[in-house]
Amino acid sequence: MPLVFATNNKHKLSEIRAILGDDIEILSLADINCHADIPETADTLEGNALQKAQYVVDHYGISCFADDTGLEVDALDGEPGIYSARYAGENHDSEANMTKLLNKLGQNNNRKAQFRTVIALLEIENGKIWQHLFEGIVKGEIIRERRGGEGFGYDPIFQPEGYSQTFAEMDSNAKNAISHRGRAVRKLVEYLMKK
């Protein structure tokens, strides 16, 4: 049975499909002709992920999962968190987001940070909707200058714990093996495979 991944982000979609392989058919919002700008108005990652999945279930009647990811920086009291994608403004500009984050951190020596992904799965079975949440966390630090050309978002300034490379310096397989999204997706897959 195909599952909808409530995203229009091509990077996220290809990352998820790479992790899942051919085991489960993943449809994007475009595949089901959903071109709405689904609201994300909750004040938690869990709330936003559930809101997106619920929108698809309500409007299309298809089982769906959605994720929300935040970069949480210790010295900034967890910022940018739920505002990670639009930290520097509504146009989701990764370069501007990184610049704002680096400027706010300035010379602060506490560079500890973590990426956290929450996946909300809403399954429709026998007329009932079942809800499941899966979380993935990767700890690391914010480096002082951008490095690497792979990945997206904050990848050029995030160096995971125990590694000398940023996410943007890793190839996608290496990143998926340790990333927050990879960890959350593996929990989702483990659950789906048991069914």
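Since the model is a prediction, treat every value here as computed from it, not as a measurement.

Participant: Can you lay out the packing of aromatic side chains for me, pointing to particular residues and giving the numbers?
Facilitator: Overall, the coordinates contain five aromatic pairs when judged by the stated rule. Pairing F5 with F65 gives two aromatic rings, centres 4.7 Å apart and planes at 10 degrees, and the pair type is stacked. Here the residue F5 occupies a position in strand β1 (residues 3-5), and F65 occupies one in strand β3 (residues 64-73), the gap between them amounting to 60 residues. F65 shares its class with F5; the two are buried. Taken together through their ring pairs, the aromatic side chains of F115, F158 and F167 make up a single cluster.

Participant: An account of the pattern of salt bridges is requested, with residue identities and associated values reported.
Facilitator: According to the stated counting rule, one finds 12 salt bridges in the structure shown. Residue E40 is joined to K52 by a salt bridge in which the shortest nitrogen-to-oxygen separation is 3.7 Å. Note that E40 is positioned in the loop between β2 (26-27) and α2 (45-60) and K52 in helix α2, a separation of 12 residues in sequence. The closest approach of N and O atoms between R116 and E46, which form a salt bridge, is 3.1 Å. Placement of the pair is R116 in strand β5 (residues 112-125) and E46 in helix α2, with a sequence separation of 70 residues. Relative accessible area serves as the criterion here: at 25%, E46 is assigned to the partly exposed category. Here the salt bridges share partners, and the residues they tie into one network are E46, E72, R116 and E135.

Participant: Can you explain the nonpolar core? Please cite residues and give values.
Facilitator: In summary, soluble globular proteins display a tendency toward joint burial of nonpolar side chains. Core analysis: the biggest nonpolar cluster contains 19 residues, and L71, V73, L101, I142, Y154, I157 and F158 have the highest contact counts within it. Among the secondary structure elements, those contributing two or more residues to this core are β3, α3 (94-105), β5 and β6 (128-142). When residues of this core are assigned to their parent elements, the largest contribution, four residues, is made by α3. With residues up to four places along the chain from it excluded, the contact list for L101 reads L71, V73, L76, P80, Y87, I142, Y154 and I157. The next biggest cluster of nonpolar side chains, apart from the first, holds 16 residues, and it includes L3, L20, L121 and V189.

Conventions we followed
- Residues numbered from 1 in each chain as written.
- Predicted model: local features only at pLDDT ≥ 70, side-chain atom pairs only at ≥ 80, totals over all residues.
- Heavy atoms only, no water.
- Phe/Tyr/Trp six-rings, centres within 6.5 Å; stacked < 30°, edge-to-face > 60°.
- Helix = DSSP H or I, 4+ residues; strand = E, 2+ residues; numbered from the N terminus.
- Buried < 20%, exposed > 50% of the residue type's maximum accessible area, 1.4 Å probe, protein only.
- Salt bridge = Lys/Arg side-chain N within 4 Å of Asp/Glu carboxyl O.
- Core = buried A, V, L, I, M, F, W, Y, C linked by side-chain atoms within 4.5 Å.
- Contact = heavy atoms within 4.5 Å.

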